[in-house]
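# Structural description and commentary
Residue-level listing of the chains:
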Amino acid sequence: MVTTLVVTFMVLLAFSFPSAGVPAPHAQTNITGVWVIKFPLRYGLARKLYFDLKQKGDVITGRMMFGPGRGIPISNGSLEDGKLHFVVTFGRPPRTRQASWDGIVKDGKLYLTPPPFPGRPSSTLVAERTSAKALLPPPRLPLPPLRDLPYNGLAKTPPMGWNSWNHYGPRVTEKTVREMAKAMVTSGMKAAGYSYVNVDDTWAGPRNAKGEITANGKFPNMKALGDYIHSLGLKFGIYTSPGPTTCAGYTGSYGHVQQDADTFAKWGVNFLKYDWCSAGEIYNSSNVDQMRAVYQEMGEALEKTGRPVVFSLCQYGWDHVWSWGAKVDGNLWRTTGDISDNWKSMIRNGLAQIPIAKYAGPGHWNDPDMLEIGNGGMTNEEYRVQFSLWSMLAAPLIAGNDLRTMSAATKAILTNREVIAIDQDPAGKPVNRISPPHSTQLILTRPLADGSHAVGLFNLADHPQSITVNWRAAGATGKKLRARDLWKHRYIRVSEPSYTAIVPAHGVVLLRVW
Ligand code: GLA
């Protein structure tokens with residue numbers, strides 16, 4: 001979420017128009033009240049950033065907000081001689097990021113200079129007073145009474161595909177998605193089992209006169225895009241939020257749930273990622289019944305379209321989603337915050353799945369977020385760890401890199417069929433950790449449908465380690481053991497009672513043992 005807020009903010013700045021120079025400050029005025037900066041976005045959309053400020057003498061406190069909701073706290077605020085200064089803090093301890101704002105008060109307006117962002121010259125933004133009503137949340141709409149929806153019969157093995165967010169973020173266009181779909185075929189990804197081509201946030205435009213959602217100018221024709229993806233033998237995925245706006249501030253499905261499900265069905269959608277985002281302004285994010293009912297509403301709406309649509313719940317693992325996700329017909333549910341392209345983030349998301357592994361199984365999967373393989377922030381060894389770990393966890397394999405230009409090494413990781421076979425094992429049994437919880441030597445095992453076991457020896461330390469697995473503890477018993485190294489693609493010599501491998505720093509040895 002911290003990343004999303006920061007990204008959202010960068011999107012705003014990237015699309016904002018530069019404003020006039022900063023006038024000289026006026027004598028002190030009291031700035032208590034609600035202020036708004038209106039950002040004209042491209043594609044006929046507008047976005048607002050609010051400041052709800054309180055002034056006591058020279059001290060300024062308050063919140064910065066993208067709309068109704070809790071907002072981002074303002075601290076160290078001061079207004080002296082018309083000069084304003086404050087700090088906004090994104091996220092919660094220990095993962096917080098701070099940004100300093102400066103400004104002046106003149107002619108009843110705030111001329112604010114946001115913190116510099118890399119590659120973007122700082123410009124002055126003008127905030128005007130607005131009514132406090134602007135920060136009142138839209139009304140809660142009636143939600144369906146809770147019930148268990150029948151399984152939609154989809155995602156018997158974890159979904160495999162590509163999603164635009166990790167690499168393109170708000171820069172995704174229809175052209176990119178088409179090129180990615182084509183590359184999914186020509187690169188051999190399709191042959192290796194990948195099929196979903198998923199457009200994430202920032203495709204949506206305003207609603208038309210009938211209230212139907214439209215795509216913005218980056219996506220000239222959604223139906224044609226769906227047709228193209230289908231013509232390649234692939235499947236089309238889309239993204240929306242139950243709130244009025246998506247996490248990046250584009251139109252969400254609030255008040256139009258069935259209508260949007262119908263529109264998606266018309267466009268030929270096969271996969272929907274439903275991202276909580278601004279629904280938190282309306283419903284109580286820590287009230288599991290409300291959260292579940294919001295997701296159930298879309299689950300029912302998809303069911304009513306009569307179209308098979310994989311339903312991907314995205315609410316960052318709040319309210320123990322793994323315990324009720326399948327009841328709203330979720331085929332996969334995010335269990336953590338957003339992944340970033342670095343070792344710490346990837347490992348944190350991956351390890352968080354182990355205690356909840358038993359909640360995953362055919363038709364409904366824990367989702368530790370998408371793959372970062374090939375995006376450049378980690379070494380190939382570390383990317384092999386992500387692919388191995390996700391496969392041991394039976395996590396969805398949703399690539400997030402540029403499939404057109406990926407290196408041979410990236411392709412070799414993403415299309416390693418022996419590792420994919422672990423992920424896609426039809427039994428979908430949960431993973432077991434047989435190493436102590438906080439050890440830097442992580443040993444995972446998973447029983448597979450053919451009676452064999454997948455065994456992963458992960459080295460989480462930043463120096464090489466020799467890791468020993470006891471076969472019996474790994475569940476592999478029998479007089480004659482046969483083992484295959486799934487990254488070296490060769491059988492290795494093993495015998496009772498154990499096997500020891502030298503595993504490189506931030507590396508993995510992944511075995512299948514019969
Ligand atoms: C949230 C989700 C991400 C992505 C962004 C898009 O942060 O968790 O996966 O969809 O929104 O704004």
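Please read all numbers here as calculations on a predicted model, not as lab measurements.

Moving on, we come to the overall build of the protein. A count of helices and strands for the protein gives 11 helices and 26 strands. A compact globule built from 514 residues should have a C-alpha radius of gyration of about 24 Å, and the protein, at 25 Å, falls within 12% of that. Within the protein, the fraction of its 514 residues that count as buried is 56%. Of the roughly 20,900 Å² that the protein leaves accessible, carbon and sulfur atoms contribute 55%. Mean positive and mean negative side-chain charge positions of the protein (56 and 39 charges, respectively) differ by 3 Å.

By a widespread convention, an interface's size corresponds to the accessible area lost as its parts come together. Each assigned domain of the protein is listed here: domain 1 (2-135), domain 2 (160-423) and domain 3 (433-513). Regarding the contact of domain 2 and domain 3, the summed buried area is about 1,900 Å², with carbon and sulfur atoms giving 70% of it. Sorting the residues of domain 2 by area buried against domain 3 places Met392, Glu418 and Ile422 first, and these three jointly supply 35% of that buried surface. Remark: the boundary between domain 2 and domain 3 carries one salt bridge. Measuring nitrogen to oxygen at the nearest pair gives 2.6 Å for the salt bridge that ties Glu418 to Arg484. Listed by contribution, the elements that provide at least two residues to the side of domain 2 that touches domain 3 are helix H8 (343-351), helix H9 (380-392), helix H10 (408-414) and helix H11 (417-423). A per-element tally of the side of domain 2 that touches domain 3 places H9 first, with nine residues.

Attention shifts here to the sheet that holds strand E23 (residues 483-485). Strand pairs in the sheet, formed through backbone hydrogen bonds, run parallel or antiparallel to each other. With respect to topology, six strands assemble into an open sheet ordered E19-E20-E21-E26-E23-E24, the strand pairing being antiparallel. Each edge of the open sheet is held by one strand with a lone partner, namely strand E19 (432-433) and strand E24 (490-492). In the packing of H9 onto the sheet, the strands contacted are strand E20 (441-447), strand E21 (453-459) and strand E26 (507-513), and the crossing angle to E26 comes to about 40°.

Below, the discussion takes up the pairing of strand E7 (residues 109-113). By the bridge criterion, five bridges tie strand E6 (residues 97-106) to E7 in an arrangement that is antiparallel. Residue pairing for E7: Lys106 is matched across the bridge by Lys109. Taken together, E6 and the strand that follows it, E7, pair antiparallel across an intervening segment of two residues, in which Asp107 is found at a positive phi of about 50°. Examined bridge by bridge, E7 and strand E8 (residues 125-130) share four bridges and lie antiparallel to one another. Residue pairing in the sheet places Leu112 in a bridge with Leu125 of E8.

How each quantity is defined
Residues numbered from 1 in each chain as written. Predicted model: local features only at pLDDT ≥ 70, side-chain atom pairs only at ≥ 80, totals over all residues. Heavy atoms only, no water. Helix = DSSP H or I, 4+ residues; strand = E, 2+ residues; numbered from the N terminus. Rg over C-alpha atoms; globule rule 2.2 N^0.38 Å. Buried < 20%, exposed > 50% of the residue type's maximum accessible area, 1.4 Å probe, protein only. Areas by Shrake-Rupley, 256 points an atom, 1.4 Å probe, with all protein chains shown as cover. Lys, Arg positive; Asp, Glu negative; His and termini not counted. Charge placed at Lys NZ, Arg CZ, Asp CG, Glu CD. Domains from an automatic or database assignment. Buried area = accessible area lost by both parts, 1.4 Å probe. Salt bridge = Lys/Arg side-chain N within 4 Å of Asp/Glu carboxyl O. Pairing = 2+ DSSP bridges. Contact = heavy atoms within 4.5 Å. Axes fitted to C-alpha atoms, helices over the stretch in contact; angles between N-to-C directions.

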